[in-house]
Amino acid sequence: MNSTDKPRRAQGKRPEPGRQEHARGGARSGQRDRHAPAPARDQDAAARQAEGGAYVSRPYVMAAVRIDQVRTVLGEILQWKFPADAVLSRWLRAHPKLGARDRGEVAEAVFDVLRHLRRYRQFAESGSGPAARRLAILGLASVFDKAVLDTGLSDTEQHWLEHVQRIDVKSLSRAVRDSLPDWLDERLAKLEAADSLIAALNKSAPLDVRINPLKGDRDEMLKLLRSGPAARYDPQPTPYSPWGIRMQGRPPVNRWPMFEKGEIEVQDEGSQILAALVAPKRGEMVIDYCAGAGGKTLLLGALMRSTGRLYAFDVSAARLARAKPRFARSGLSNIVPVVINADNDQRVKRLRGKAHRVLVDAPCSGLGTLRRNPDLKWRQHPESLQELQDMQASILRQAARCVAPGGRLVYATCSVLPEENEDQISAFLADNPDFTLLDASNIVADRCKNLTLQGPYLSMRPDLHGTDGFFAAVMERAKAADPEKPAAQAKEAPARPADAPEPPQDAPEEALDADMDAQA
Ligand SMILES: C[S@@+](CC[C@H](N)C(=O)[O-])C[C@H]1O[C@@H](n2cnc3c(N)ncnc32)[C@H](O)[C@@H]1O
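These numbers come from a predicted model, not from an experiment.

Draft legend 1. Structural detail: the domain arrangement of the protein chain. Structurally, the protein chain comprises domain 1 (62-172) and domain 2 (266-477). Measuring from the centre of the C-alpha atoms in domain 1 to the corresponding centre in domain 2 gives 36 Å. Counting residues at the interface gives 8 residues for domain 1, matched by 4 residues for domain 2. With 3 residues, the top contributor of residues to the side of domain 1 that touches domain 2 is helix α6 (residues 100-115).

Okay, structure coming up:
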């Protein structure tokens, strides 16, 4: 197994002590011939549990059932029709009687296989029986202790597992060892300290939450979390973001009262830092051009202290609909969600040259989030990457037109590939000489005291910063007139100085019309 997985196994990924005792007892006593079918009573129990019924205390039933469950979920995911987390969530919803531990074990084994798929597929070429079962066994080997897993395996399978676990992974090529498709291995290899980046992307991530600065303070929230059931997830302040709290394991945050009250939201620290980089001020007009389910919008709105106007644009009505309950929980009243067209949207046109800040959190390969979405390695390919690059350039071009003279455009992705990051910025700046690149480290220095950046970009990596891979660039539009507009019109829409009085607050829907009509 991957040496990096070992500490995780030792840190409580094991079954409950009671179950372990059963496992040891069963394994030691050797009462069952593993080539023989399970006794009828236990087959019934296995069937009941596969249906999501009550947990059966026989360990070999548990391991056998778990192997089948993981194999079933993987069978669907490996068709690559839907994202892995969507398939898994659907399967879990269809098995409501499974306990939290059971769900956790299935999820962990499935994600382990997706992380190590290429290597595991190579291992699964040896041995006998269905390859999908061997993948499930390899995934579960990272979750269960050997003694527990062995109870669900035939002798042949045990020997095969022992054999592949003895293979020195250093003897494998990097693409196989670290389970990357060749095209991605080639691209990642060109990055600085590629090995450490790839190793970090292949680990699972802790969970970051963010406090809602409108509703509370991080120290108080930490105290509250540490004094209740959340203490077992070891809540710690995130190192860079002043709003972040990091927890280990899989805390069921969305069932906690502080989540329901809008006091915390789930958000990776990198995304939190992005809001600090946008640095919106009270009373400004800000556009979150690719708002999606509103993760970044929420923090931007809170940093604006719920004043000014914050447009949440997206082409996907479904994604914006998912943002609405979050907006409601947050207590923000300055957000105006708008479903836009990808091209030539009239409402976007009418906001030309008006916004103080425009954030483009662009659709991207997501390859910086492999810790959470390991299936993206297998779902992306060079052609999809090219399509994304074209889309990113087009969105950036359109969003840039909304930036007021003197205003800022922030472009971000959760990718680590230069094609989606630095190269996009260089091309944009070459075509848009009225924009200048600003130094990200100066902008975030105020809020993110410990963060030292090299170069003008915000470039976060799991191996260096403990966040997802994340990129952002800030560009400022020249204060002079917008070259695309008649001089007189551009003068009518200057960026409002940060210390100017706040404009009156209309209802969001009216605000949209008012802002657009002001220059129509
Ligand atoms: C990376 S996601 C945004 C995530 C979001 N900012 C958040 O924090 O939750 C990219 C979003 O861009 C949207 N999108 C794709 N094409 C677009 C376009 N032409 N204009 C605006 N949004 C677009 C997608 O629907 C998707 O929601």
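Draft legend 2. Region of the structure containing the pairing of strand β7 (residues 335-339). Pairing of strand β6 (residues 309-314) with β7, which is carried by 5 bridges, proceeds in the parallel orientation. Bridging across to β7, Y311 finds its partner in V336. With helix α18 (residues 317-330) bridging β6 and the parallel β7, this β-α-β connection has right-handed handedness.

Draft legend 3. Inspection of unusual backbone geometry at higher detail. The phi angle at D234 is positive, at roughly 55°, despite the residue not being glycine. Structurally, D234 can be placed in the loop between α14 (218-226) and β2 (236-237). One non-glycine residue, A279, lies in the positive phi region at around 45°. Among the secondary structure elements, A279 is positioned in the loop between α16 (269-278) and β5 (285-288). We classify A279 as partly exposed; it has 18 C-beta atoms within 10 Å.

Draft legend 4. Up close: the packing of helix α21 (residues 382-400) against helix α22 (residues 422-431). The interhelical angle for the contact between α21 and α22, taken along N-to-C directions, is 45°, at an axis separation of 11 Å. Regarding the angle of α21 to α22, the classification is oblique. Note on packing geometry: the crossing formed by α21 with α22 is right-handed. Across the interface between the two elements, Q392, A393 and L396 from α21 touch Q424, A427 and F428 from α22. In terms of residue class, the contact of α21 with α22 is built from 4 nonpolar, 2 polar and no charged.

Draft legend 5. Up close: the site of the ligand. Taken together, 18 residues are adjacent to the ligand, and C290, G292, G295, S316 and D361 come closest. Elements supplying a minimum of two residues to the shell around the ligand: α17 (295-303) and β6. Classifying every residue of the shell around the ligand by side-chain character gives 10 nonpolar, 4 polar and 4 charged.

Draft legend 6. View of helix α7 (residues 117-124). Within α7, 6 of the 8 residues are buried, leaving the element largely enclosed by the surrounding structure. Buried-residue contacts for α7 involve α6, α8 (131-141), α10 (155-165), α11 (174-177) and α20 (376-379).

What counts, and where the lines are drawn
Residues numbered from 1 in each chain as written. Predicted model: local features only at pLDDT ≥ 70, side-chain atom pairs only at ≥ 80, totals over all residues. Domains from an automatic or database assignment. Contact = placed C-beta atoms within 7 Å. Helix = DSSP H or I, 4+ residues; strand = E, 2+ residues; numbered from the N terminus. Pairing = 2+ DSSP bridges. Right-handed = clockwise from strand over helix to strand, strands pointing away. Buried ≥ 20, exposed ≤ 12 C-beta atoms within 10 Å, placed from the backbone. Axes fitted to C-alpha atoms, helices over the stretch in contact; angles between N-to-C directions. Parallel < 35°, antiparallel > 145°, perpendicular 65-115°, else oblique. Left-handed = near helix turned anticlockwise from the far one by under 90°. Nonpolar A, V, L, I, M, F, W, Y, C, P; charged D, E, K, R; others polar. Near = placed C-beta within 6 Å.

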